[in-house]
Amino acid sequence: MKNNAMAIGVRTRFIYGVLAIMTIMLGIGENTMAQTKSTTVVKNIILVHGGLVDGSGWEGVYNVLKKDGYTVTIVQNPTISLADDVAVTKRAIALQNGPVILVGHSYGGAVITEAGNDPKVAGLVYIAAFALDKGESVSSLIKDPPPGAPVPPILPPVDGFLLLDKAKFPASFAGDVSPEKAEFMADSQVPWGVDALGGTISEAAWKAKPTWYLLTTEDRMLPPDAQRLMSKRAGATVVEVKSSHAVYVSHPQAVAHIIEEAARGALVAAKDKETTTAAAR
């Protein structure tokens, strides 16, 4: 009896010991998986606005991203020249403490195409934006619109800067934004430098970086067909939204969603691309 009791006690202690070890191992495994998951998500987001506007239009997108735990920087590029805007964006990149998702709207797409060559940039997100190739400029892409495409109501340049006709701004730029907000955007336009439109790309970052593109199907500033051509050429993951050019104002949740998709997938996509390239050599 005594021997049986001792044997049962030993077995019980053994079982409890095994269970304790399993619990510790499971805990370590869960922590490891959580850490691995967190290290594959890019937490630094940089938002680059386009021409005629400033960075305040990103407020809705900014709020969603901040709530979801991202570090968000909004670049206030002066839109006087492409070189200056790239330099301002690169300074913002340099201040980040890790990998970056670089996001550009409209002309901001030209900026991120050049600035995105920075090694800190893990992925690019184009929001109804110009995904230019080497040697191209915004001017070169818009000078010959296809037949039937809407023509933005750009006024003749004054002292080397462009504005949209205020009366036509809401319908062309912000068709799905509230009338009050669209009127404010029209009245608060930032003059867009002709030199900025003429700036050419030295190397297109999308050729080396994972790329996402939010395409606006009701856009009257940058035709949807042009967006499709550029996004396909860039090999981008494309999401279409029924929206005007001001999608970042009218649909901040949709814009934030594709940015977060890029933040989750950029490092993995880059690693897969490196593996594929190495295997092909």
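Further up the page is the structure itself.
About the cut-offs
Within each chain, residue numbers correspond to sequence positions counted from 1 in written order. A pLDDT threshold of at least 70 governs which residues receive local features in this predicted model, and a stricter bar of 80 or more applies before side-chain atom pairs are shown or counted, although totals over entire chains, interfaces and linings include all residues. Just so you know, side-chain values use all the structure's heavy atoms and leave hydrogens and water out. Categorising residues by exposure relies on relative accessible area from a 1.4 Å probe, with only protein chains included: less than 20% of the type maximum marks a residue as buried, more than 50% marks it as exposed, and the intermediate range marks it as partly exposed. As used in this record, nonpolar core signifies buried Ala, Val, Leu, Ile, Met, Phe, Trp, Tyr and Cys residues forming a set joined through side-chain atoms within 4.5 Å. Runs of E in the DSSP output that reach at least two residues are strands. Runs of H or I that reach at least four are helices, and both are numbered from the N terminus. In what follows, residue pairs with any heavy atoms lying within 4.5 Å of each other are defined as contacts. In this scheme, a helix's expected span is set at 1.5 Å multiplied by one less than its residue total. Summarising the geometry, the arc corresponds to the directions from the helix axis toward the C-beta atoms. Stacked, edge-to-face and tilted labels apply to pairs of Phe, Tyr and Trp rings (six-membered ring for Trp) whose centres lie within 6.5 Å, assigned for plane angles under 30 degrees, over 60, and everything in between, in that order.

(A) Main features of unusual backbone geometry. Of note in the backbone geometry, Leu52 takes a positive phi value of approximately 75° without being a glycine. Owing to a relative accessible area of 3%, Leu52 belongs among the buried residues under this scheme. Positive phi, close to 55°, is recorded for Thr79, a residue that is not glycine. Thr79 gets classed as buried once you look at its relative accessible area, which sits at 0%.

(B) Region of interest: the nonpolar core. By size, the foremost hydrophobic cluster in this structure holds 76 residues, and its most contacted members are Phe173 and Ile259. Of all the elements, helix α11 (residues 252-280) adds the most residues to this core, at seven residues. Those residues in contact with Ile259 that lie beyond four places of it in its chain are Ile45, Leu47, Val61, Leu65, Val103 and Val125.

(C) Main features of helix α3 (residues 82-94). Compared with the 18 Å implied by 1.5 Å per residue over 13 residues, the 18 Å span of α3 between its first and last C-alpha is a close match. When α3 is considered as a whole, its buried residues turn out to be Leu82, Asp85, Val86, Val88, Thr89, Ala92 and Ile93. Take α3 and look down its axis: the buried residues cluster within an arc of 160°, on one side only. Across α3 from its buried face, at more than 90 degrees, point the exposed residues Ala83, Arg91 and Ala94. Check the buried side of α3 and you find it contacts β1 (44-48), β2 (71-75), β3 (100-105), α4 (108-115), β4 (121-127) and α8 (194-198).

(D) Summary view of the packing of aromatic side chains. All told, the structure shown has four aromatic pairs when counted by the stated rule. Here Trp58 and Tyr248 contribute two aromatic rings whose centre-to-centre distance is 5.2 Å and whose plane-to-plane angle is 50°, an arrangement assigned as tilted. Of this pair, Trp58 sits in the loop between β1 and α2 (59-67) while Tyr248 sits in helix α10 (residues 247-250), placing them 190 residues apart in sequence.

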